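# Architecture at a glance
Read off the chains here:
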Amino acid sequence: MGTEISEPLIIDKETIDGGGIESEHVPEWKDQITIRGLVVSALLGTLFCIITHKLNLTVGIIPSLNVGAGLLGFFFVKSWTGFLTKLGFQVTPFTKQENTVIQTCVVACYGLAFSGGFGSYMIAMDEKTYQLIGADYPGNRAEDIKNPGLGWMTGFLFVVSFLGLFSLTPLRKVMILDYKLTYPSGTATAMLINSFHTHSGAELAGKQVKCLGKYLSISFVWSCFKWFFSGIGDSCGFDNFPSFGLTLFKNTFYFDFSPTYVGCGLICPHIVNCSVLLGAIISWGFLWPFISAHAGDWYPTGLESNNFKGLYGYKVFIAIALILGDGLYNLIKIIYITAKEMCNKSTQESKLPIVNEVIDNESSKGPAEQRKRENIFLKDRIPTWFAASGYVALAAISTATIPIIFPPLKWYMVLVSYIIAPALAFCNSYGTGLTDWNLSSTYGKIGLFIIASLVGSDGGVMAGLAACGVMMSIVSTAADLMQDFKTGYLTLSSAKSMFVSQLLGTAMGCVIAPLTFWMFWTAFDVGSPDGPYKAPYAVIFREMAILGIEGFSELPKHCLALCAGFFVAALIVNLLRDVTPKKISQFIPIPMAMAVPFYIGAYFAVDMFVGTVILYIWERINQKDAEDYAGAVASGLICGDGIWTIPSAILSIIRINPPICMYFGPSLSS
């Protein structure tokens, strides 16, 4: 599973309402969902699915693409309506409610590329991951193999992805109006959309779109140029440019000229980028060279690079220890915060790490404004009986279907999962509303360990991985839906249109996400440890399932002690981040971000750090410009590189190889 990072959106407070809303005309919920909006949603959903797959299969860090989705949705519909108007046609005005529906559809669609397990639990079942771990590795059985297939992947997504939408719908009034949960990302998205539909905001949005288009073009052309020098194999081209010399290159420290990772560095907070680089320095700069120096003592020499009895085992298990330590700490913390706040029935005075700039102080709005928001939000009710019966019906279908797709996962295990899932979905959604942290992957890992250990060696790996997918899908989509309800509340969008657009976006994602993944799977060597699409979390998730069955008996020498040390270190570092003053805690690294390069390498950390340095300098030179355009520049860089993936995949499928191999090596002595 990738690590999703949300970028801060800092928008002028005056833009959130877009003028006096008391007299603003609000279209009926059916009019908020349009054919043109759905077409744009499908196009953007396809693009962002490709980008998400690429990031998931390479480094596993997924920045929030909401800025790009909002800007491009606004641009496409505005361009279309402007074009038709010039031709003399009468067109329906583009409203912020329609803009919100498009945003919701796109995020629901590409969200399945992230939570659908294409870079984690689903691909962990394939034969290549099985072979990477080793046929003789205890607990790694050939029977626990299920290679990707369009049919079963699409079917699995259809039977698990909709339940989360029905699980918490009856609680939308409680979560949004009664508890007044902040949902920072949902509120920030509403601020963005509201700003587009004011005069000054539309002017800025136009400039941002031009900026995005400019850097999208530059990124696309640069990616195309790089392809010509990438040759055959994995050692050619700019992706293997020894920027800091050959010695550091061997330890994966080099700049690989990737627009995607530089764009991620521009979007992700500085502390995330610095944490990733620090993790790379600790692992590839010190820890792995130190362990390698003990080859022959700690582990046998002459092993293959992907043998778990050698250095590879340390890389994977220490990364797992950091991820689990960080996830467990934050899970306990969110549950504690949730329980405390629910007892107090107030979030107004909580000292939580939320986005304080978010404008959600209802007392600052006029009574008429607040009443209108609440009336629109409650007007188009989604009946409780409909939500409950929908959940029961979908759970019944899923309980009957999943054991057919994954025989080791018995029907009663699926049923128990669906009985307890709404409670977990509520905890996750409440925690997301308070802190903006969606811990769906942590809930998924807990389900993985429990089911794998219960089933045991006879099918436990397959059952654990499938259960991980079931749990993640429910808690993730439930939290996303509440974010969308918050966005709809602040943009005067109907709750019913939000729910329907989530359904439509999820349906799109169930088709588009597998199809776009299949493009990668067919065109590239996905899962190869030496290739660009390593799918790093596939090995990690399969090892977690094996760990749930076999325990720690097969770890290399001192590996368990190192894992325990890093697990405890993750807990301590997180605790320090929470108990120290903000002026100190803002410089304490994030263990989850540090864990990613432990297994993958340092090269993408260098790229992301370049992005954060560019942003830092930009902010010092012109803070306003950086706030207005950094998201557009980053989205352009990521989208351009993502679009190039399509022609690159087509060229690979029809066996057209790059004509030049640019290779770097030591000079030969005369």
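Residues numbered from 1 in each chain as written. Predicted model: local features only at pLDDT ≥ 70, side-chain atom pairs only at ≥ 80, totals over all residues. Heavy atoms only, no water.

Going by this rule: UniProt positions are given in the numbering used here, feature names are shortened, and annotations may be inferred rather than shown by experiment.
The name that an unreviewed UniProt entry assigns to the protein is Metal-nicotianamine transporter YSL6, with the source organism given as Hibiscus syriacus. In the Sequence similarities (unreviewed entry) part of its UniProt record, the protein is described as follows: "Belongs to the YSL (TC 2.A.67.2) family." Listed under Subcellular location (unreviewed entry) in UniProt, the entry text for the protein is "Membrane".

## So, the state of the cysteines
Test applied: Cysteine sulfur atoms that pair up within 2.5 Å are treated as a disulfide. Helical segments are the DSSP runs of H or I of at least four residues, strand segments are the runs of E of at least two, and each set is numbered from the N terminus.
The tally for this structure, following the rule as stated, stands at 1 disulfide. C236 shares a disulfide with C661; S-S distance 1.9 Å. The sign of the -75 degrees torsion about the S-S bond sets the C236-C661 disulfide as left-handed. Here the residue C236 occupies a position in the loop between α10 (199–227) and α11 (246–250), and C661 occupies one in the segment after α26 (623–653), the gap between them amounting to 425 residues.

## As for the packing of helix α19 (residues 460–490) against helix α20 (residues 495–523)
When two helices pack together, their arrangement is given by the angle between their axes and by how far apart the axes lie. Applied cut-off: To obtain each axis, a line is fitted to C-alpha atoms, and for helices this fit is confined to the stretch in contact; angles are then taken between N-to-C directions over 0 to 180 degrees. Left-handed describes a crossing in which the near helix is turned anticlockwise from the far one by less than a right angle; the clockwise case is right-handed. Any pair of residues with heavy atoms lying within 4.5 Å of one another is described as a contacting pair. All residues other than Ala, Val, Leu, Ile, Met, Phe, Trp, Tyr, Cys, Pro, Asp, Glu, Lys and Arg, Gly among them, are scored as polar; the first ten of these are nonpolar and the last four charged.
Closest axis-to-axis distance for the α19/α20 pair is 9 Å, and the angle between their directions is 140 degrees. Our pair here, α19 against α20, has a crossing hand that is right-handed. Note on element contacts: α20 touches α19 through A495, M498, F499 and Q502, opposite D480, L481, D484, F485 and G488. Residue composition of the contact of α19 with α20, grouped by class: 5 nonpolar, 2 polar and 2 charged.

## A look at the nonpolar core
What counts here: The definition of a nonpolar core used throughout is a set of buried Ala, Val, Leu, Ile, Met, Phe, Trp, Tyr and Cys residues joined through side-chain atoms within 4.5 Å. Each residue's exposure class comes from its accessible area (1.4 Å probe, protein chains only) as a fraction of the maximum for that residue type: buried when under 20%, exposed when over 50%, partly exposed otherwise.
Grouped together as the largest cluster of nonpolar side chains are 188 residues, with contacts concentrated most on F48, I402, F406, L409 and Y418. It is α19 that contributes the most residues to this core, 18 residues altogether. For Y418, the residues in contact, after removing those within four places along its chain, are V159, V160, L163, Y391, A395, S398, T399, I402, V470 and I474.

## Things to note about the pattern of salt bridges
Put simply, the test is: Salt bridges are counted wherever a side-chain nitrogen of Lys or Arg sits within 4 Å of a carboxyl oxygen of Asp or Glu.
Evaluation of the coordinates by the stated rule reveals 11 salt bridges. Between R141 and D144 there is a salt bridge, with the nearest N and O atoms lying 3.4 Å from each other. Close ionic contact of D297 with K557 constitutes a salt bridge, the shortest N to O distance being 3.2 Å. Of this pair, D297 sits in the loop between α13 (270–292) and α14 (311–344) while K557 sits in the loop between α21 (536–550) and α22 (559–579), and the two are 260 residues apart along the sequence. Taking relative accessible area as the criterion, K557 reaches 39% and is therefore assigned partly exposed. When salt bridges that share partners are traced, they join R141, E143, D144 and D458 into one network.

## Quick word on the packing of aromatic side chains
Just so we agree on the cut-off: The rule is short: rings of Phe, Tyr and Trp, with Trp giving its six-membered ring, pair when the centres are within 6.5 Å, and they are stacked under 30 degrees, edge-to-face over 60, tilted in between. Charge-over-ring contacts are defined here by two conditions on Lys NZ or Arg CZ: a distance within 6 Å of the ring centre and an angle within 35 degrees of the ring normal.
In this structure the tally under the stated criterion is 43 aromatic pairs. Look at W227 and F228: their rings are 5.2 Å apart centre to centre, the planes differ by 80 degrees, and that puts the pair in the edge-to-face class. Note on W227: relative accessible area 14%, which makes it buried. Residue F228 is classed as partly exposed on the basis of its relative accessible area of 37%. When the centroid spacing of 5.7 Å and the interplanar angle of 15 degrees are considered together, the rings of Y254 and Y603 count as stacked. Here Y254 is found in the loop between α11 and α12 (259–267), whereas its partner Y603 is found in helix α25 (residues 603–621), with 349 residues between them in sequence. Across the pair, exposure class does not vary: Y254 and Y603 are buried alike. Taken together, the ring pairs connect W222, F225, F229, F238, F241, F255, F257 and F664 into an aromatic cluster. When the ring centre of W152 is taken as reference, the NZ or CZ atom of K146 above it lies at 5.3 Å. Of note, R172 hangs over the ring of F485, and the distance from its end group to the ring centre comes to 6.0 Å.

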